[in-house]
Amino acid sequence: MSVPRESTAAGLFYPELKIVLEREIDEFLLRAKSNRINGTVRGLIVPHAGYAYSGAIAAAGYRLLKDVSYDAVVVVGPSHREYFSGISLYPGPSYKTPLGELPIDEELRSALAECNPSIKLSEEGHRHEHSIEVHVPFLQRVLGKTPFVPVVMGDQSSENCRILGQALQSACKGRNILLVASSDLSHYHPYKEATDLDRKVIDVVERFLPEDLLRMLEEEEAEACGGGPMAAVMLASRRLGATSSKALVYCNSGDVTGDRDTVVGYFSAVLIQES
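Residues numbered from 1 in each chain as written. Predicted model: local features only at pLDDT ≥ 70, side-chain atom pairs only at ≥ 80, totals over all residues. Heavy atoms only, no water.

### Describing the pairing of strand β1 (residues 39–46)
Put simply, the rule reads: Each residue is assigned to one of three classes by its accessible area relative to the maximum for its type, calculated with a 1.4 Å probe on protein chains only: buried under 20%, partly exposed between the two thresholds, exposed over 50%. Every helix listed is a DSSP run of H or I at least four residues long, and every strand listed is a run of E at least two residues long, numbered separately from the N terminus. Pairing between strands is defined by DSSP: at least two bridges between the two strands are required.
In terms of burial, β1 is largely enclosed, as six of its eight residues are buried. Strand direction decides the pairing type here: β1 and strand β8 (residues 177–182), joined by four bridges, are parallel. Counted as the bridge partner of Val46 is Ser182 from β8.

### Here's the deal with the packing of aromatic side chains
To keep it simple, the criterion reads: Aromatic contacts are taken between Phe, Tyr and Trp rings whose centres are within 6.5 Å, Trp giving its six-membered ring; a plane angle under 30 degrees counts as stacked, one over 60 as edge-to-face, and the others as tilted. A ring is considered to have a charge above it if a Lys NZ or an Arg CZ atom is located within 6 Å of its centre and within 35 degrees of its normal.
The tally for this structure, following the rule as stated, stands at six aromatic pairs. Here the aromatic rings of Tyr51 and Phe138 are separated by 5.2 Å at their centres, their planes lie at 55°, and the arrangement is tilted. Of this pair, Tyr51 sits in helix α2 (residues 51–62) while Phe138 is found in helix α5 (residues 136–143), placing the two residues 87 residues apart along the sequence. Phe138 shares its class with Tyr51; the two are buried. When the ring of Tyr95 is compared with that of Phe148, the centres are 5.5 Å apart and the planes differ by 90°; the resulting orientation is edge-to-face. With a gap of 53 residues between them, Tyr95 in strand β4 (residues 94–97) and Phe148 in strand β7 (residues 148–153) connect regions that are remote in the sequence. In this structure, Tyr95 and Phe148 share a single accessibility class: buried. We note Arg238 situated over the ring of Phe208; from NZ or CZ to the ring centre the distance is 4.7 Å. The ring of Tyr191 carries the charged tip of Arg260 above its face, separated from the ring centre by 3.8 Å.

### Remarks on unusual backbone geometry
Within the chain, Asp67 stands out as a residue other than glycine whose phi angle is a positive 65°. Here Asp67 shows up in the loop between α2 and β2 (72–78). Despite not being glycine, Tyr188 has its phi angle at roughly 65°, a positive value. Position of Tyr188 among the secondary structure elements: in strand β9 (residues 187–189). What makes Tyr188 exposed here is its relative accessible area of 57%.

Encoded structure:
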């Protein structure tokens, strides 16, 4: 397949005009809280809502990439619009946004696909999905043309999380790869209930316990719409050298709109290989 994946989120989740989009991302990055990291950023967990809601939260993670370089980036997100049983890698050459095309690392994509039959080259989960696309402009702005691999999980089962975690470890070993998990937190609970639920996820991420996260999600003790991508990236990052995790910033939609009846939670975190 030689067709770029066209933008479907521009004008909905983020600005569709290049100059406005650049300005907005730069403003988010400028205003993001500065976090001191003692080591190398191996992974990020960042939200995927509209920029008006979670752009500032995502920027806290992406700000850490200033003056950093990688061979490639892997972005793992959930599928909101299509259900399928496996894990999907976009088969085309690039993702397109108002900032241009971000090329796909075809060698890394092939290496991932060869790891397990559940990981396939397919448009499934990519056609109208925003969970990957909303991160592409941030990557373009902070890492330029660094190639990436977009990965969508159809079924976020514990088995698929472990399959993907192992595949990421195998495919990325020996290369300087950034892993990005795209995930929001709880959805549509009253403010206090939502913050209590979200704190459970943030706590287990900060303690760098992906297996505990999988158990909590399976037993419905906690919620995260990208819990699978989060767990898979944590599993892989640990095997690739990350030794600690740090939560950067949290808020929910009630903090943005003032409506606290039913809210959606957002946070960002960094997975660090300590010096």
